[in-house]
Amino acid sequence: MSCRVRFAPSPTGFLHIGNARTALFNWLYAKSVGGTFILRIDDTDQKRSTSEAVDMAIRSLKWMGLEWDEGPGKDKGNGPYFQSERLHIYKEHIDKLLESGKAYYCFCSSEELDMKSKGQKTLSQLQIYDGKCSSVSLAEAKERIANGEKARVRFFNNENKIVSFDDVVRGVVKKESKEIGDFVIFKEDGFPTYNFATVIDEALMGITHVIRGEDHISNTAKQLLLYQAYNFDIPIFAHTSMILGSDKEKLSKRHGASTVMDFEAEGYLPEGIRNFLALLGWSHPEAVEALTDEELIKAFTLNRFSKSPAVFDMNKFNHINTWHIRNIDIDDAVSRFLPYLIKGGYIPENPDEEKLAWSKKLVMIVREHCSILSDICAHVDVFFKDDFVLTDGMQKVIETDESKKLLIYIKEQIENSDEITEAVMKSIIKNAQKETGLKGPLLYHPIRYALTGNISGTELASVAELLGKDKLVNRISRFIE
Ligand code: GLU
C-alpha cells in the first residue's frame, strides 16, 4: 500500500516553527517513499479558528516549499479537506456509534461537570467523567434533544483494557482505558472534538502514517479506542520530540522569531529552514548538516528520529542558511536579495539592466558574508556613502608620507586605466607594492580606508570594481589633497 501522510494544522494563529517541522517531516517522508502528502485543515474549534490563520498557514507552507499533493485546491476524491466542511460525515459516523451503544448523549451541565472534576482533584482522584448519563437510553435522549435540550456525545469507554501502540520513535506506549473515562467526541455546538474528527479523517483519507509532535501522545490512546470501535485500520504513529530554546525551555515567543513568517521576513531561505528544521529531532546517518533537499529526501527514514528534545540553536540555523545562500544559483540569489536592496533604497523599484548587472556583481562578492538576506544591507552602504569620516586611528595611518605616496600612485594608475575590473585593481595593487615597497597592512590598510572608510570587509579589488573608476578617484582624492 502506498504511504499517505498528512499535516493537519489547527488554524488558530501563525504557523509556528514546531508545526512547520511536523509538516516538513511528513513532506520529507512522502517524498522519500514516493507517497502522498495531504494537507487537512483542523478547523473544528469554532471559537479559535479563523480564515486569516488558514491563509497564513497555506502561505507559510507554500513559501517553505511544502506543496501538498492532496488538500485544499487539490481534491483527489477524499475531500473536503476542511474539517468544518465534513460535518455531515462526522454526523453519520457518530450516529453509528450511538446506535451500536458505543457512545451516548450526555446532558450534564458544564457547572456540574466542573464541580465534579474539582472534587475529584481535591481527593487526588482521576478527573474523568463519572458515567452519569450512560444510563439514559438513546430513545429518551433523542426525545430530550427534540424538546430543545443541549447534549454532547461521549464515547462509552466501558471495557477495562490496556490500549497500546508501538510508536516509531518511543517504542511501545501503554495506557489503561479506565484512566481515560468516557471522553467527549461531539460537542454541544454540533462540532466533533479533535480526537473524533481526526480518527474519522485518517480512516477515510487512508492515512498510513501519523507523524506529529510528542505533545499529542496523550491523545493517541483515545484515538486508538475509536479506531477499534469502528474497526478501522490503525496507522503507524511517530511522535517526534519537542523543540526547546537554547535555555532548554519549551520554544516560545520569548526565544525570538518563532513563526515561519518571522523567519521569512528576516531573510532566511526556505531551503535553509527546511534543512535546519529537518535536523531538529532527526539526524542524517553520516551526521552531515548542510544538506540539499535531494540529500535530505534520499537520507530520510523514520528510524532516525531522536527521543530526546531538540534544541533550537540559532547559530546553527544561521550557519546552515549561510551555506544555502552561498550555494544557490547566482541569478536565483540576486532575485532573492533584490527586495532587500529595493527596500533599503539602494536600487530603484524597477531596476534597469545596468542596475541589475551591478546588483549581480554585488551579490557575487558579498553573499558569502550574509547569514540572512537582510544582511546584505550592512555590506552595501559602503558603495553609497562617499563622504565617510575616518576614525582618528585610521586618519593617522592614512596621513603618513608612505601612505600619501601610495594613494597618489594608486589614483594615477586608476586614472590611467580604461575600466576598473577586479583583475585590473589587483594588478594596480601589485604594482603599487613593487613601486612603494609597502606590504601587508601598510599596503592594504590605507587603500581600504580611503576607498571604503572601513577597517575590514569584502575583498578590496571586488569592491573597487563595483565602486567604479569615478568613485574610486573621488574617494582617494579626499585623502591626498
Ligand atoms: N490539529 C492538530 C494540531 O494542530 C493536529 C494534531 C495531529 O497531527 O493529529 O495540533
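Residues numbered from 1 in each chain as written. Predicted model: local features only at pLDDT ≥ 70, side-chain atom pairs only at ≥ 80, totals over all residues. Heavy atoms only, no water.

J.: Give a detailed account of the overall build of the chain, specifying residues and quantitative values.
T.: Scanning the chain from terminus to terminus reveals 20 helices and eleven strands. Taking the principal axes of its C-alpha atoms as reference, the chain extends roughly 105 × 50 × 45 Å. Taken across its 481 residues, the chain has 49% of its residues classed as buried. If you sum the accessible surface of the chain, you get close to 23,200 Å²; carbon and sulfur atoms cover 50% of it. Looking at the chain, you have 62 positive and 71 negative side-chain charges, and the mean spots of the two groups are 4 Å apart. (Helix = DSSP H or I, 4+ residues; strand = E, 2+ residues; numbered from the N terminus. Buried < 20%, exposed > 50% of the residue type's maximum accessible area, 1.4 Å probe, protein only. Areas by Shrake-Rupley, 256 points an atom, 1.4 Å probe, with all protein chains shown as cover. Lys, Arg positive; Asp, Glu negative; His and termini not counted. Charge placed at Lys NZ, Arg CZ, Asp CG, Glu CD.)

J.: So what about the packing of aromatic side chains? Which residues, and what values?
T.: A full pass over the atoms with the stated rule returns 23 aromatic pairs. A ring pair is formed by Phe300 and Phe305, whose centres lie 5.9 Å apart and whose planes are at 80 degrees; its orientation type is edge-to-face. Owing to a relative accessible area of 3%, Phe300 belongs among the buried residues under this scheme. In this structure Phe305 comes out as buried when scored by relative accessible area, which is 10%. Ring-pair connections join several aromatic residues into one group, and the members of that group are Phe263, Tyr268, Phe276, Phe312 and Phe317. Across from the ring centre of Phe107, 3.9 Å away, lies the NZ or CZ of Arg144, which sits over that ring. Above the ring of Tyr129, the side-chain terminus of Arg154 is found at 3.6 Å from the ring centroid. (Phe/Tyr/Trp six-rings, centres within 6.5 Å; stacked < 30°, edge-to-face > 60°. Lys NZ or Arg CZ within 6 Å of the ring centre and 35° of its normal.)

J.: Would you mind going over the site of the ligand in detail, with residue names and values included?
T.: Residues in contact with the ligand, as listed here, are Arg6, Ala8, Pro9, Ser10, Asp42, Tyr194, Arg212 and His216. For the ligand, a nitrogen atom lies 2.8 Å from a polar atom in the backbone of Ala8. Interatomic distance of 2.5 Å between a side-chain N/O atom of Tyr194 and an oxygen atom of the ligand. In isolation the ligand offers 300 Å² of accessible surface; the protein chains occlude 86% of this area. (Near = heavy atom within 4 Å. Polar contact = N/O pair within 3.5 Å; in protein donor to acceptor, adjacent residues only side chain to side chain.)

J.: Any details on the pattern of salt bridges? Residues and values, ideally.
T.: Tallying each qualifying case throughout the model produces 32 salt bridges. A salt bridge links Lys175 to Glu179, with the shortest nitrogen-to-oxygen separation between them at 3.7 Å. Lys175 gets classed as partly exposed once you look at its relative accessible area, which sits at 31%. As a salt-bridge pair, Lys426 and Glu422 come within 3.5 Å of each other at their nearest N and O atoms. Of this pair, Lys426 and Glu422 both sit in helix H17 (residues 422–436), four residues apart, which is roughly one turn of the helix. (Salt bridge = Lys/Arg side-chain N within 4 Å of Asp/Glu carboxyl O.)

J.: Run through unusual backbone geometry, naming residues and quoting values.
T.: With glycine set apart, most residues show a phi of negative sign, and most peptide bonds adopt trans. Here Gly79 and Pro80 are connected by a cis peptide whose omega angle stands at -5 degrees. Looking at where Pro80 falls in the secondary structure, it is placed in the loop between helix H2 (51–64) and helix H3 (87–99). With a phi close to 55 degrees, Ser124 is a non-glycine residue in the positive phi region. Relative to the elements of secondary structure, Ser124 occurs in the loop between helix H4 (110–122) and helix H5 (138–146). Although it is not a glycine, Lys248 sits at a positive phi angle of roughly 70 degrees. Topologically, Lys248 is positioned in the loop between strand S10 (243–244) and helix H8 (260–266). Note on Lys248: relative accessible area 54%, which makes it exposed.

J.: So what's going on with the packing of helix H15 (residues 392–399) against helix H18 (residues 440–452)? Residues and values would help.
T.: A pair of packed helices can be characterised by two numbers: the angle between their axes and the separation between those axes. As a packed pair, H15 and H18 sit with axes 9 Å apart at the nearest point and diverge in direction by 120 degrees. Compared by their axis directions, H15 and H18 come out oblique. Crossing angle aside, the handedness with which H15 passes H18 is left-handed. Contacts between H15 and H18 involve Met394, Val397 and Ile398 on the former and, on the latter, His445, Pro446, Tyr449 and Ala450. When grouped by side-chain class, the residues that make up the contact of H15 with H18 number six nonpolar, one polar and no charged. (Axes fitted to C-alpha atoms, helices over the stretch in contact; angles between N-to-C directions. Parallel < 35°, antiparallel > 145°, perpendicular 65-115°, else oblique. Left-handed = near helix turned anticlockwise from the far one by under 90°. Contact = heavy atoms within 4.5 Å. Nonpolar A, V, L, I, M, F, W, Y, C, P; charged D, E, K, R; others polar.)

J.: Describe the nonpolar core, and please don't skip the residues or the numbers.
T.: In terms of nonpolar packing, the biggest core is built from 54 residues, with Leu362, Ile376, Phe383, Ile410, Ile414, Met425 and Ile447 touching the most fellow members. For Ile447, the contacting residues outside a window of four places in its chain are Leu406, Leu407, Ile410, Met425, Ile429 and Leu460. Residues Ile17, Leu66, Trp282 and Ile372 belong to the second largest nonpolar core, which totals 50 residues. (Core = buried A, V, L, I, M, F, W, Y, C linked by side-chain atoms within 4.5 Å.)

J.: An account of the environment of Ser246 is requested, with residue identities and associated values reported.
T.: As for its placement among the helices and strands, Ser246 is situated in the loop between S10 and H8. Linking Ser246 and Phe312, residues 66 residues apart in sequence, is a C-alpha distance of 6.1 Å. For Ser246, the residues in contact, after removing those within four places along its chain, are His255, Val311 and Phe312.

J.: Talk me through the sheet that holds strand S4 (residues 152–155); I want residue IDs and the actual numbers.
T.: The strand order S3-S4-S7 describes an open sheet built from three strands, whose pairing is antiparallel. Where the open sheet ends on each side, the last strands, each with one partner, are strand S3 (103–106) and strand S7 (184–186). Each strand of the sheet is rotated relative to its neighbour by a mean of 45 degrees, with strand direction disregarded. Pairing of S4 with S7, which is carried by two bridges, proceeds in the antiparallel orientation. From the neighbouring strand, Arg154 faces S7, where its bridge partner is Val184. (Pairing = 2+ DSSP bridges.)

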